[in-house]
Amino acid sequence: MAPVYSAFAVNKSGHLQVSDVHSIYWEECGLSTGVPIVYLHGGPGGGIEDSDRQYFDPSHYRSILFDQRGSGKSLPHASLEDNTTWHLVSDIEALREHLKIEKWIVFGGSWGSTLALAYSQKHPERCLGLILRGIFTLRREELEWFYQKGADMLFPDFFEPYKAIIPVEERSDMMKAYYKRLTGNDEELRLKCASTWSTWETATSKLVVDPEYIKKAADPKWALAFARIECHFFVNGGWMQDGQLIEEAHKIKHLPIIIVQGRYDVVCPAKTSWDLYQALGGKDNTNVEYQIIDDVGHSAHEKKVELALVDAADKFKSIKA
């Protein structure tokens, strides 16, 4: 497997006004005449990082990255107004049209895999293929496993402060309780809840707890967008039917798809990726490649996951725009 590509600069960037409220930040890297590939970040609310470019060979790919509504450099920051799965799907199309791209490869991990599935199922004719990591489909059982009951059995020490901030009488629905505070008028409590929510997720993202990775949650600007937007999407079930992305997987069975999944992913357990793989036809569908990496967790920043994603993007070099 090839290592990640060396750091390289952005060719051009800008803001695209996608509604009366929202302006999304985007950047383009690599070969201007190359095969287009769009990177969908996690969260929702996580924003892009410079290292996100490095999966894509800059001598082959024209890579497009952007901050979703309310995230990163997009404006207004941490805004929940007109911010739903389907607004983001329409933003991807608006960006594709703005950049005059006919079709592209769609690459997304965690929430990015959710958005990639939603987009590709709505616009399969615009997709050359999909590279998906740490599959998350927004089913209620997936959300409750991580935010309510399940993952706490493996990380009780980190779950304790996440739980403690919510009064006992409200703990039967932790997401709802957090949402009330993350959208409330008490700024101090809002920031405290954002940090606590984000710490729970960063602490559980790697196979081995990484104190440096947890420090991300100490940045109040990042944590507020991450926690507010995630919670907003999750309490609303992504504005789709429960299980919709699995049930409608047949719409993209004809596309080349690579799924990369950590065996010990606590944030997005492997069962979801397996359910998706089966819905796509499983081993009978030669368009789909399913990879379980045995000794990693959820994060894309674990070395074996990085290598698998670079390898997946390299395999897709045979695809022509």
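In this text, all values refer to a predicted model and were calculated from it rather than measured experimentally.

Draft legend 1. Region of the structure containing the UniProt feature "domain: AB hydrolase-1" (unreviewed entry) in the protein chain. According to UniProt, the positions carrying the feature "domain: AB hydrolase-1" (unreviewed entry) are residues 36-304. Across residues 36-304, the secondary structure splits into 39% helix and 13% strand, with the terminal C-alpha atoms separated by 25 Å.

Draft legend 2. Quick peek at the side chain of Asp57. Along the chain, Asp57 falls in the loop between β3 (35-40) and β4 (61-66). Only 2.6 Å separates the side chain of Asp57 from the side chain of Lys317, close enough to count as a polar contact. Asp57 has contacts with Tyr5, Asp314 and Lys317, leaving out every residue within four places of it along the chain.

Draft legend 3. Structural view of the pairing of strand β7 (residues 257-262). Among the six residues in β7, six count as buried, and that is most of the element. Pairing geometry for strand β6 (residues 127-133) and β7, over four bridges, is parallel. Residue pairing in the sheet places Arg133 in a bridge with Val260 of β7. Here six bridges tie β7 to strand β8 (residues 288-293), and the two strands are oriented parallel to one another. Among the inter-strand pairings, Gln261 is bridged to a residue of β8, identified as Ile292. You can see the chain leave β7, run along helix α10 (residues 270-279) and come back into β8, and the turn it takes is right-handed.

Draft legend 4. Layout of the packing of helix α6 (residues 187-203) against helix α8 (residues 220-235). Contact geometry of α6 with α8 gives a least axis separation of 8 Å together with a crossing angle of 80°. Taken together, α6 and α8 sit at an angle that is classed as roughly perpendicular. Residues Arg190, Leu191, Ala194, Ser195, Trp197, Ser198, Glu201 and Thr202 of α6 touch α8, and the partners they reach there are Pro220, Trp222, Ala223, Leu224, Phe226, Ala227, Arg228, Glu230, Cys231 and Phe234. Split by residue class, the contact of α6 with α8 holds eleven nonpolar, three polar and four charged.

Draft legend 5. Expanded view of the packing of helix α4 (residues 156-164) against α6. Relative to each other, α4 and α6 sit at 165°, their axes nearing to 9 Å. As far as their axial angle goes, α6 and α4 are roughly antiparallel. The chirality of how α4 crosses α6 is left-handed. Here Phe158, Phe159, Pro161 and Tyr162 of α4 lie close against α6, whose contacting residues are Thr196, Trp197, Trp200 and Ala203. Of the residues that constitute the contact of α4 with α6, the class distribution is seven nonpolar, one polar and no charged.

Draft legend 6. A look at the pairing of β6. Across the seven residues of β6, seven count as buried, placing the element largely inside the fold. Read as a crossover between parallel neighbours, the route from strand β5 (residues 104-109) over helix α2 (residues 111-122) to β6 is right-handed.

Draft legend 7. Representation of the packing of aromatic side chains in the model. Considering all chains together, one arrives at 24 aromatic pairs under this definition. Here the aromatic rings of Phe56 and Tyr61 are separated by 6.3 Å at their centres, their planes lie at 75°, and the arrangement is edge-to-face. The class for Tyr61 is buried, based on a relative accessible area of 0%. Judged by centre distance (5.8 Å) and plane angle (25°), the ring pair of Tyr162 and Trp200 falls under stacked.

Draft legend 8. Looking closely at the UniProt feature "active site" (unreviewed entry) in the protein chain. The sites that carry the UniProt feature "active site" (unreviewed entry) are, in the present numbering, Ser110, Asp265 and His298. For the annotated residues, spread through 189 residues, the largest C-alpha to C-alpha distance comes to 10.4 Å, consistent with a single compact locus. Lining the largest cavity, from this annotated set, are Ser110 and His298. The topology assignment puts Ser110 in the loop between β5 and α2. You can call Ser110 buried: its relative accessible area is 8%. Beyond its immediate chain neighbours, meaning those up to four positions away, Asp265 contacts Gly134, Ala270, Val296, Gly297 and His298. Separated by 2.7 Å, the side chain of Asp265 and the backbone nitrogen of Cys268 make a polar contact.

Draft legend 9. Region of interest: α2. A rise of 1.5 Å per residue sets the reference length of α2, with its twelve residues, at 16 Å; its end C-alpha atoms lie 17 Å apart and thus fit the reference within 8%. In terms of burial, α2 is a largely internal element, eleven of the twelve residues being buried. For α2, the full list of buried residues reads Trp111, Gly112, Ser113, Thr114, Leu115, Ala116, Leu117, Ala118, Tyr119, Ser120 and Gln121.

Draft legend 10. Main features of the nonpolar core. By size, the foremost hydrophobic cluster in this structure holds 73 residues, and its most contacted members are Leu130 and Tyr178. When residues of this core are assigned to their parent elements, the largest contribution, ten residues, is made by α8. When residues of this core are sorted by domain, at least three fall in each of domain 1 (10-140 + 240-317) and domain 2 (141-238). Ignoring sequence-local partners within four residues, the contact set of Leu130 consists of Val106, Ala116, Leu117, Ser120, Ile252, Leu255, Pro256, Ile257, Ile258 and Phe316. Counting 29 residues, the second-largest nonpolar core is a separate cluster that includes Ile131, Ile258, Ala300 and Ala313.

Draft legend 11. Summary view of a nonpolar patch on the surface. A surface patch of nonpolar side chains, amounting to about 310 Å² of accessible area, comprises Leu207, Val208 and Tyr264. Summarising the element assignment, Tyr264 is placed in the loop between β7 and α10.

Scoring rules and cut-offs
- Residues numbered from 1 in each chain as written.
- Predicted model: local features only at pLDDT ≥ 70, side-chain atom pairs only at ≥ 80, totals over all residues.
- Heavy atoms only, no water.
- UniProt positions renumbered as here; feature names shortened; annotations may be inferred.
- Helix = DSSP H or I, 4+ residues; strand = E, 2+ residues; numbered from the N terminus.
- Polar contact = N/O pair within 3.5 Å; in protein donor to acceptor, adjacent residues only side chain to side chain.
- Contact = heavy atoms within 4.5 Å.
- Buried < 20%, exposed > 50% of the residue type's maximum accessible area, 1.4 Å probe, protein only.
- Pairing = 2+ DSSP bridges.
- Right-handed = clockwise from strand over helix to strand, strands pointing away.
- Axes fitted to C-alpha atoms, helices over the stretch in contact; angles between N-to-C directions.
- Parallel < 35°, antiparallel > 145°, perpendicular 65-115°, else oblique.
- Nonpolar A, V, L, I, M, F, W, Y, C, P; charged D, E, K, R; others polar.
- Left-handed = near helix turned anticlockwise from the far one by under 90°.
- Phe/Tyr/Trp six-rings, centres within 6.5 Å; stacked < 30°, edge-to-face > 60°.
- 1 Å grid on protein atoms, 1.4 Å probe; cavity = no way out; pocket = protein on both sides within 12 Å on 5 of 7 lines; lining within 4 Å.
- Expected span 1.5 Å × (residues − 1).
- Core = buried A, V, L, I, M, F, W, Y, C linked by side-chain atoms within 4.5 Å.
- Domains from an automatic or database assignment.
- Patch = residues over 30% accessible without salt bridge, like charges linked within 9 Å, V, L, I, M, F, W, Y side chains within 5 Å.
- Areas by Shrake-Rupley, 256 points an atom, 1.4 Å probe, with all protein chains shown as cover.
- Salt bridge = Lys/Arg side-chain N within 4 Å of Asp/Glu carboxyl O.

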